[in-house]
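Structural description and commentary
Each chain, written out:
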Amino acid sequence: MFEHSIKVPRQYKIAANIYKKVSTEGGSVKTLLYDNKLRHFRTNVLYALITETIKHAVDIEKIFDSTGILKSEPRLDPWIAKVLTTELLFGKKYLPGKSKPEQTILLYKEKFEKFTAQHQGIFNEEVVRRPRYVRINTNLLTTSDAIRAFQDEGYKFIRCTSGSYNDYLNQIRNLDQYDFTQDYHVKYVFVFAPGTKLHEHELYLENKIILQDKATALAVHLLAPPQGSVVLDMCAAPGMKTTQLAAFMRNDGKIYAIERNENRYKTLCDFIERTGTKCVNAIHRDTLEIKKGEYDDVEYILLDPSCSGSGMELCVHNYIDDTRLTKLTSLQEKFLKHAMNSFPNAKRIVYSTCSLFSEENERVVTNAVKTSRSKWRVQHVNELLKEEWNNFGSSMYGSIGARCLYARPNADLTTGFFLAVLDRDVKDMEKQIKNGGKANDDEKHEKQNLKSCDITEVCDNNMFKKTKKKKRKENENNELVEAVFDDCSDVHNSITITNTEDYKQDELFNKKKKKKNKKHDTDKDSELISDINAFMAEKVIPANTNDYKEVTAVKKKNKKRKHIESCEVDDENVMNKTRPKNENIFHNINTESEAVIDKSYEEEGESFKSGKHKKKSKLTKSKEP
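Residues numbered from 1 in each chain as written. Predicted model: local features only at pLDDT ≥ 70, side-chain atom pairs only at ≥ 80, totals over all residues. Heavy atoms only, no water.

You'll find the protein entered in an unreviewed UniProt entry as SAM-dependent MTase RsmB/NOP-type domain-containing protein, with Eumeta variegata given as the organism. According to its UniProt record, the protein has this under Sequence similarities (unreviewed entry): "Belongs to the class I-like SAM-binding methyltransferase superfamily. RsmB/NOP family." (UniProt positions renumbered as here; feature names shortened; annotations may be inferred.)

**A short note on the overall build of the protein**
Across its full length, the protein carries 26 helices and 13 strands. For the protein, the residues scored as buried account for 42% of the 625 residues in total. Expressed as a percentage of contacts within the protein between residues at least 6 apart in sequence, the contacts between residues at least 24 apart total 72%. A total accessible area of about 36300 Å² is found for the protein, and carbon and sulfur atoms account for 50% of it. (Helix = DSSP H or I, 4+ residues; strand = E, 2+ residues; numbered from the N terminus. Buried < 20%, exposed > 50% of the residue type's maximum accessible area, 1.4 Å probe, protein only. Contact = heavy atoms within 4.5 Å. Areas by Shrake-Rupley, 256 points an atom, 1.4 Å probe, with all protein chains shown as cover.)

**Thoughts on the UniProt feature "active site" (unreviewed entry) in the protein**
With numbering matched to this structure, UniProt assigns "active site" (unreviewed entry) to Cys-354. Within the element layout of this structure, Cys-354 appears in the loop between strand 10 (348-353) and helix 17 (362-371). With relative accessibility at 14%, the residue Cys-354 sits in the buried group. The contacts of Cys-354, once residues within four sequence positions are left out, are Cys-307, Gly-309, Ser-310, Gly-311, Met-312, Gly-416 and Phe-417.

**What to know about helix 3 (residues 43-55)**
In an α-helix there are 3.6 residues to a turn, and that puts residues three or four apart on one side. A rise of 1.5 Å per residue sets the reference length of helix 3, with its 13 residues, at 18 Å; its end C-alpha atoms lie 18 Å apart and thus fit the reference within 8%. Among the residues of helix 3, those classed as buried are Asn-44, Leu-46, Leu-49, Ile-50, Thr-51, Thr-53 and Ile-54. (Expected span 1.5 Å × (residues − 1).)

**What about the sheet that holds strand 1 (residues 132-136)?**
Strand order in the open sheet made by the five strands is 2-3-4-1-5, with mixed pairing throughout. Both edges of this open sheet fall to strand 2 (156-158) and strand 5 (209-210), since each of them pairs with a single strand only. Pairing analysis gives three bridges linking strand 2 to strand 3 (residues 179-182), with the strands arranged parallel. The residue bridging Phe-157 from the neighbouring strand is Phe-180, located in strand 3. The strands touched by helix 10 (residues 143-152) within the sheet are strand 1, strand 2, strand 3, strand 4 (189-192) and strand 5, with strand 4 carrying the most contacts at an inclination of about 20°. Helix 11 (residues 165-173) contacts strand 1, strand 2, strand 3 and strand 4 of the sheet and is inclined by roughly 155° relative to strand 3. (Pairing = 2+ DSSP bridges. Axes fitted to C-alpha atoms, helices over the stretch in contact; angles between N-to-C directions.)

**Section: the pattern of salt bridges**
Applying the stated rule across the entire model yields 13 salt bridges. Among the salt bridges present, the one from Asp-304 reaches Lys-241, with a minimum N-O distance of 2.6 Å. Of this pair, Asp-304 sits in the loop between strand 9 (300-303) and helix 16 (322-341) while Lys-241 sits in helix 14 (residues 240-248), and the two are 63 residues apart along the sequence. Under the relative-accessibility criterion, Asp-304 is labelled buried at 16%. (Salt bridge = Lys/Arg side-chain N within 4 Å of Asp/Glu carboxyl O.)

**Side note on the side chain of Thr-53**
Among the structural elements, Thr-53 can be located in helix 3. Residue classification places Thr-53 among the buried positions, given a relative accessible area of 0%. Look past the residues within four positions of Thr-53 in its chain and what remains in contact with it is Tyr-19, Lys-82, Val-83 and Thr-86.

**Some details on the UniProt feature "binding site: S-adenosyl-L-methionine" (unreviewed entry) in the protein**
Under the local residue numbering, the UniProt record ascribes the feature "binding site: S-adenosyl-L-methionine" (unreviewed entry) to Glu-259, Asp-286 and Asp-304. Over a stretch of 46 residues, the named residues converge on one spot in the fold, their C-alpha atoms separated by at most 14.1 Å. One can find Asp-286 in the loop between strand 8 (280-284) and strand 9. Leaving out residues up to four positions away in the same chain, Asp-304 has contacts with Cys-235, Lys-241, Ser-352 and Thr-353. Within the structure, Asp-304 has its side chain in polar contact with the side chain of Lys-241 (distance 2.6 Å). (Polar contact = N/O pair within 3.5 Å; in protein donor to acceptor, adjacent residues only side chain to side chain.)

Here it is as structure tokens:
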């Protein structure tokens, strides 16, 4: 941006900001103009400037590419440059200010004019001028009075052709500056020549006429709710279609107009008051939060959700971010499914968008119809319009897509628009009516069932509690039995062991002694064996052969003693009891007389074989302190 003492006029800045938001984020120009900050501006002037910039966006891109203005002037804001170029070439043909951006655009004026002169044919082909559509607010003014009022001002009324729809399109293409006629389909919509300015007209300021495009008016025309019916407008703000519904029903019936956004809700309420609408109940709420049973009296539903706005202005939204498009389509599908499933008495739904992308239109409708719990049928719009329409949905989505309607700007001379009319299946409707007649009985039965279920649940709970108590008692008894058994086993063990408590103490004492005695015995045996080895090494035969026999007997007795000790270890592992060992086996050995040792070993071996050693051990234990 240029930093200069002279600022860019504010209307150009505002127009550039709105044009940037519409181009990058999507949405409607009119919606952005509802901002409270712009209430002191002439919105009609801003709207005309922004729409002209959008119409010639492709031309301005070509001009900038050919002249290279954005490359040579990097500090120039491209959005302000586009708005100023539109004003210079396609608007007032001059720039009133003296700011730096305006002076820069004026420096390139000759290059811009040369390029437009060389490519005049292309510009003429791409620019399409649409007629001015005006809806008569029949709540405040009749169509005949409106015709007379315009005739009094010098306008010439031309009767609508009785021929085909194509004849009508040719008729409105050839309207002169002060000619006007009625629309071919919607008779309370008048058609004026392109460029007719009515923003300052007295009827417009009094809200007796509303500047509304013919394509958007088709939604209410195809919904066609009769007088006295109940209608739901799920996304009502700013209130164009809501007030059209009230006028169509002649203020006889009930309309629930729901809007989530607070600022748009205020705009809706204000517009309802100004247009003399009396049968509308404006509700500040999210439509998706409405639950089944809150508005069961709804018979007709109008759904015009948020969309990309690709059809609002000519060729402005040929590009859109994929992530934003997927978010929009998922939201639109939620809205439509909610409308199909949450209102049991609904007969007809009209789904409309100001988008030309099939992802937001045919795909949403086909997915909703196929996955809906209720049975809905997409009506052929061409039959509803008496086969007087040219553009329909894509056959890529089967018969459902071909039954939908498209309004194409170049072909139908309207804004880009999509419409689908869904009627509930007759059999499904009969079921809903029958179920509605038996609603009270069903509620009673449900209450009784709930009561019975509660009783059974209480009984089951009581039985469950009883069984729990029984189990607890059984567990307690089992625990008591186990505890008693444990106690008895302790008593039993104490009974069996009391007689042997002294024995156990003796046994521990004997084990300690045994270790000491083993060391003592092994030392003595090793001394005997060493003496024998030394004797054999000297190869001296003892004079007394009895000594030799005694030495060999000692070796045999050592083997027997080792075998007996291994048997005692096995008995300990198997029987978990230790046999009492003869503590005096090696205690009374007389080292001086080896014959006595031999006799004691022989007696010990015979006692282990016969089992008499147990009695001897008991006697020895009883004598020990």
